[in-house]
Amino acid sequence: MSWRRWWAVARKEFLHILRDPLSLYMALAIPLIMLLLFGYALSLDVDHVPLVVEDRDQTSESRALVEQFRGSQYFDVVAMADRPEDLSRSIDLSRAIVGLSILPGFGADLKAGRTATIQLVLDGSDSNTANIALGYAYSLATLYGLEVRAAARERLGAPKVSGIDSRIRVIFNSDLKSRNFIVPGLLAVILMMVACVLTSLCVAREWENGTMEQLLSTPLRPVEFLMGKLTAYFAVGMLDMIICIVVGIGLFQVPMRGSGLLLAASAGLFCFGALCLGILISTVTRNQIIAYQLSMLSSFLPSFLLSGFVYSIENMPPMIQLVTNVVPARYFVTILKGVFLKGIGLEILWLEFLALLLFGTAIFVLAVRKMRAKVA
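What you see is a predicted model, and the numbers here were worked out from it, not measured in a lab.

Concerning the sheet that holds strand 3 (residues 98-102)
Now for step 1: Here 4 strands make up an open sheet; going across it, the order is 2-1-3-4 and the pairing mixed. Each edge of the sheet is formed by a strand with only one pairing partner; in this case those strands are strand 2 (75-81) and strand 4 (118-122). Going across the sheet, the axis of each strand differs from the next one's by a mean of 25°, ignoring polarity.
Now for step 2: One ladder, built from 5 bridges, connects strand 3 with strand 4; its direction is antiparallel. Within strand 4, the position partnered with isoleucine 102 by the bridge is isoleucine 118.

Here is the structure:
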């Protein structure tokens with residue numbers, strides 16, 4: 001293999017990227033735009049849930065319960081309903097997601113030490129939000145009941161009842177912000193898509209422009225041709241990665257607790273594998289439109305849906321869990337979360353690192369063989 005011929009192809013590709021505004025826009029602007037859009041728009045946090053209240057008891061105890069919900073960061077009391085029909089109408093019109101109905105006798109039951117009853121009405125069209133909001137509402141109501149009973153025992157001079165003192169400590173993501181969970185995963189999705197799409201067009205473009213025949217008439221070998229193409233887009237991909245990391249840490253305030261060297265090495269391996277996948281797609285088809293469609297289908301969708309970026313792999317059907325083993329973004333997402341949030345190193349993440357290395361090597365060998373078959 002000649003390093004001179006390799007660099008000649010890489011230089012040609014660098015010049016093409018710099019002289020083509022569309023390629024430069026795709027390479028630099030689209031990843032940043034995607035990170036900003038997904039980072040701000042995609043959130044798994046459930047707070048400030050619209051709540052409508054129907055207080056049919058009108059006692060100090062019922063009003064105190066309403067204030068318990070009003071003072072919580074998880075609920076916003078948007079309306080006070082006078083009738084059950086008003087509560088239902090607010091949910092039907094999507095003005096509220098949760099309805100709290102305090103039944104008559106609520107305060108008397110609490111004072112007498114009996115079980116007081118409330119009714120929660122939830123909009124189940126968004127089952128995830130409804131389930132989380134139900135847990136919040138149940139916790140608030142239970143906590144309020146315990147506080148009322150403790151106050152009643154204290155007034156009566158009853159001895160305190162021993163219980164469990166739960167002290168919760170959340171590690172890795174102490175603020176429980178979904179943005180700290182989403183942004184590192186976004187880096188894998190964005191890098192996979194951009195790297196695969198860019199290289200999927202480069203070989204197909206040579207065929208469409210009629211320049212591939214000229215390249216084949218030179219002493220250039222398939223491996224030198226592919227390595228030259230990969231060199232240019234590898235530099236662009238790593239530049240994209242640096243930009244996204246700076247934005248993630250600086251703008252979204254995602255903590256960086258692990259090794260930057262491990263992050264750079266794993267990002268390089270992942271970028272190399274994604275570029276090789278795009279090259280492989282580009283050698284299979286000579287049409288840029290088909291290459292673009294195949295690259296999007298094989299990069300963005302698996303990385304977004306099957307990497308554990310948003311949806312937990314453990315909750316997927318067993319057959320789909322097996323499919324995720326061949327999705328490289330799954331391993332890179334694990335490394336990103338481990339480096340960013342947990343601060344763990346290669347002694348724990350070595351298996352994911354090895355998977356990225358094997359993926360990149362296998363796809364590159366397959367792309368070289370396909371290229372040799374094409375030019376033979």
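Observations concerning the pattern of salt bridges
Now for step 1: What the rule picks out here adds up to 6 salt bridges.
Now for step 2: One network of salt bridges, in which partners are shared, links Lys12, Glu13 and Lys229.

Overview of a nonpolar patch on the surface
Now for step 1: A cluster of nonpolar side chains, namely Leu346, Trp350, Leu351, Leu354, Leu357 and Leu358, defines an oily patch on the protein surface of about 580 Å² accessible area.
Now for step 2: With respect to the helices and strands, leucine 346 occurs in helix 14 (residues 346-375).
Now for step 3: Residue leucine 346 is classed as partly exposed on the basis of its relative accessible area of 40%.

Quick notes on helix 7 (residues 178-209)
Now for step 1: Its 32 residues place the ends of helix 7 46 Å apart at the C-alpha level, agreeing with the 46 Å of an ideal helix rising 1.5 Å per residue.
Now for step 2: In the structure, helix 7 departs most strongly from a straight axis at valine 203, where the bend amounts to approximately 25°.
Now for step 3: In terms of burial, helix 7 is largely enclosed, as 28 of its 32 residues are buried.
Now for step 4: Of the residues flanking the end of helix 7, it is glycine 210, one or two places downstream, whose phi is positive at about 80°.

With respect to the environment of alanine 188
Now for step 1: In this structure, alanine 188 sits in helix 7.
Now for step 2: The contacts of alanine 188, once residues within four sequence positions are left out, are Phe270, Ala329, Phe332, Val333 and Leu336.

Remarks on the packing of aromatic side chains
Now for step 1: This structure, assessed with the given rule, holds 9 aromatic pairs.
Now for step 2: Ring geometry for phenylalanine 38 versus phenylalanine 304: centroids 6.0 Å apart, planes at 50°, classification tilted. Taken together, the positions of phenylalanine 38 in helix 2 (residues 21-41) and phenylalanine 304 in helix 11 (residues 288-305) put the pair 266 residues apart, joining distant regions of the chain.
Now for step 3: A residue is classified by how much of its surface remains accessible, and phenylalanine 38, at 23% relative accessible area, is partly exposed.
Now for step 4: Relative accessible area serves as the criterion here: at 16%, phenylalanine 304 is assigned to the buried category.
Now for step 5: Three or more aromatic residues link up through ring pairs in this structure, and these residues are Phe38, Phe300, Phe304 and Phe309.

So, the pairing of strand 3
Now for step 1: Counting buried positions along strand 3 yields 5 of 5 residues, so the element is predominantly enclosed.
Now for step 2: A two-sided burial pattern is seen for strand 3, the buried positions comprising Val98, Leu100 and Ile102 on one face and Gly99 and Ser101 on the other.

Notes on unusual backbone geometry
Now for step 1: Backbone geometry at histidine 48 places phi at a positive 50°, although glycine is not the residue there.
Now for step 2: Turning to its location among the elements, histidine 48 is positioned in the loop between helix 2 and strand 1 (49-55).
Now for step 3: Exposure remark for histidine 48: the relative accessible area of 44% places this residue in the partly exposed category.
Now for step 4: With phi around 60°, glutamine 253 is a residue other than glycine that occupies positive phi space.
Now for step 5: Relative to the elements of secondary structure, glutamine 253 occurs in the loop between helix 9 (222-250) and helix 10 (260-284).
Now for step 6: Judged by relative accessible area, which is 56%, glutamine 253 ranks as exposed.

Criteria and thresholds
Residues numbered from 1 in each chain as written. Predicted model: local features only at pLDDT ≥ 70, side-chain atom pairs only at ≥ 80, totals over all residues. Heavy atoms only, no water. Pairing = 2+ DSSP bridges. Helix = DSSP H or I, 4+ residues; strand = E, 2+ residues; numbered from the N terminus. Axes fitted to C-alpha atoms, helices over the stretch in contact; angles between N-to-C directions. Salt bridge = Lys/Arg side-chain N within 4 Å of Asp/Glu carboxyl O. Patch = residues over 30% accessible without salt bridge, like charges linked within 9 Å, V, L, I, M, F, W, Y side chains within 5 Å. Areas by Shrake-Rupley, 256 points an atom, 1.4 Å probe, with all protein chains shown as cover. Buried < 20%, exposed > 50% of the residue type's maximum accessible area, 1.4 Å probe, protein only. Expected span 1.5 Å × (residues − 1). Bend = angle between axes of the 7 residues up to and from the residue. Contact = heavy atoms within 4.5 Å. Phe/Tyr/Trp six-rings, centres within 6.5 Å; stacked < 30°, edge-to-face > 60°.

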